[in-house]
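# Topology and contacts: notes
So the chains spell out like this:
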Amino acid sequence: MLGRLPDPVEMFGVSFEALYTESMIMAVRPQHPLSKIRPTISEIAGFPIILPLSGSSIRQAAESFFISAGSALPRHQISTLSEAVARSLMHQSDGIWFTPYGVVASDVAEGVAAQLQIDTRSTNSAVGLSSLSEGPSRKLVGLFADRIRALAAQMRTQRLDSQVPEIDNSPFLTLAK
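Residues numbered from 1 in each chain as written. Predicted model: local features only at pLDDT ≥ 70, side-chain atom pairs only at ≥ 80, totals over all residues. Heavy atoms only, no water.

## A look at the confidence of the model for the protein
The condition that has to hold: Scored from 0 to 100, pLDDT records how confident the predictor is in each individual residue. In what follows, a contact means two residues having at least one pair of non-hydrogen atoms within 4.5 Å.
For the protein, the average pLDDT comes to 78, and 66% of its residues sit at 70 or higher. The low-confidence segment residues 159–177 (pLDDT under 50) makes six contacts with residues lying over four places distant or belonging to another chain.

As C-alpha cells, then:
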C-alpha cells in the first residue's frame, strides 16, 4: 500500500519504507474569504471543515493540529472518504478541506485552489510503501500476482480469438504480448 505512515499499533507484521514527508494543508477555493489573509484558528473555526471519517490518520492529524493550536475542530464538519466529493465541496462552498498537500498540489499550482496561510508543519508525516514483513507472505503474494497475470493473459487471448475477422487487432496483439 502507498500512503501515510500507519499508526504504530497497526504496524505489527508490516514494514514501512518511507519515500518522503508531507504536510497537511487547508485548501479552499480561490475566492474564499480567508484565501488572501493569514487567518487565525478562531477565524478558520467559523467555516465548515472537510475531513475524512473519525479514526483515519488524516482526521487524527487534524484533531491534533487544532488541539495544539488551543482549539477544537470546527463545529461544522463534513466527513467524506471521497477526494472527488471533498474537492467538489471545496470548490462550491466556503468549506475548508484539511488534506495532504500532494492531493491538492496540482489544484493549487493551476490556481483552482488556494492554500490557507497558516503553518501546518506540525502535521508532517512520512509517506511510503507499507507491506507485510514476513517472507513467506511476500512469496505467496508474488505467486498470487503471477497467477492473476497469467489468467489476465488467457482472458486477453480468448477475447482476441473471438473477435470478428474484419476488426484490425494488431494494436491489441502487440499490447497482449
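Picking up after the structure, the text goes on.
## A word on the nonpolar core
Rules: Here, nonpolar core refers to any group of buried Ala, Val, Leu, Ile, Met, Phe, Trp, Tyr and Cys residues whose side-chain atoms link them within 4.5 Å. Throughout this description, buried means an accessible area under 20% of the type-specific maximum (1.4 Å probe, protein chains only), exposed means over 50%, and partly exposed covers the range between. A helix here means a DSSP run of H or I that spans at least four residues, while a strand means a run of E at least two residues long, and both kinds are numbered starting from the N terminus.
Judged by nonpolar contacts, the single largest core of 19 residues is most densely connected at Met 26, Ile 44, Phe 66, Ile 96, Phe 98 and Leu 116. Elements with a minimum of two residues in this core: β3 (24–28), α1 (41–44), β4 (49–51), α2 (57–68) and β6 (96–100). Per-element tally for this core: the top contributor is α2, with four residues. If we skip the residues at most four places from it in the chain, Leu 116 touches Met 26, Val 28, Leu 34, Ser 35, Pro 39, Ile 44 and Ile 96. If you look at the next biggest cluster of nonpolar residues, it comprises eight residues, including Ala 27, Ile 50, Met 90 and Trp 97.

## Some remarks on the pattern of salt bridges
Put simply, the rule reads: The term salt bridge refers to a pairing of a side-chain nitrogen on Lys or Arg with a carboxyl oxygen on Asp or Glu at a separation within 4 Å.
Under the definition given, this model contains four salt bridges. When the shortest N-O distance is used, the salt bridge between Asp 119 and Arg 121 registers 2.8 Å. On the accessibility criterion, Asp 119 (44% relative accessible area) is partly exposed. We classify Arg 121 as exposed; its relative accessible area is 61%.

## Section: the pairing of β6
Under the convention used in this document: Two strands pair under a simple rule: DSSP has to find at least two bridges between them.
With five of its five residues buried, β6 lies for the most part within the structure. In terms of strand pairing, β3 meets β6 through four bridges, oriented antiparallel. Bridging from a neighbouring strand, Ala 27 pairs with Trp 97 of β6.

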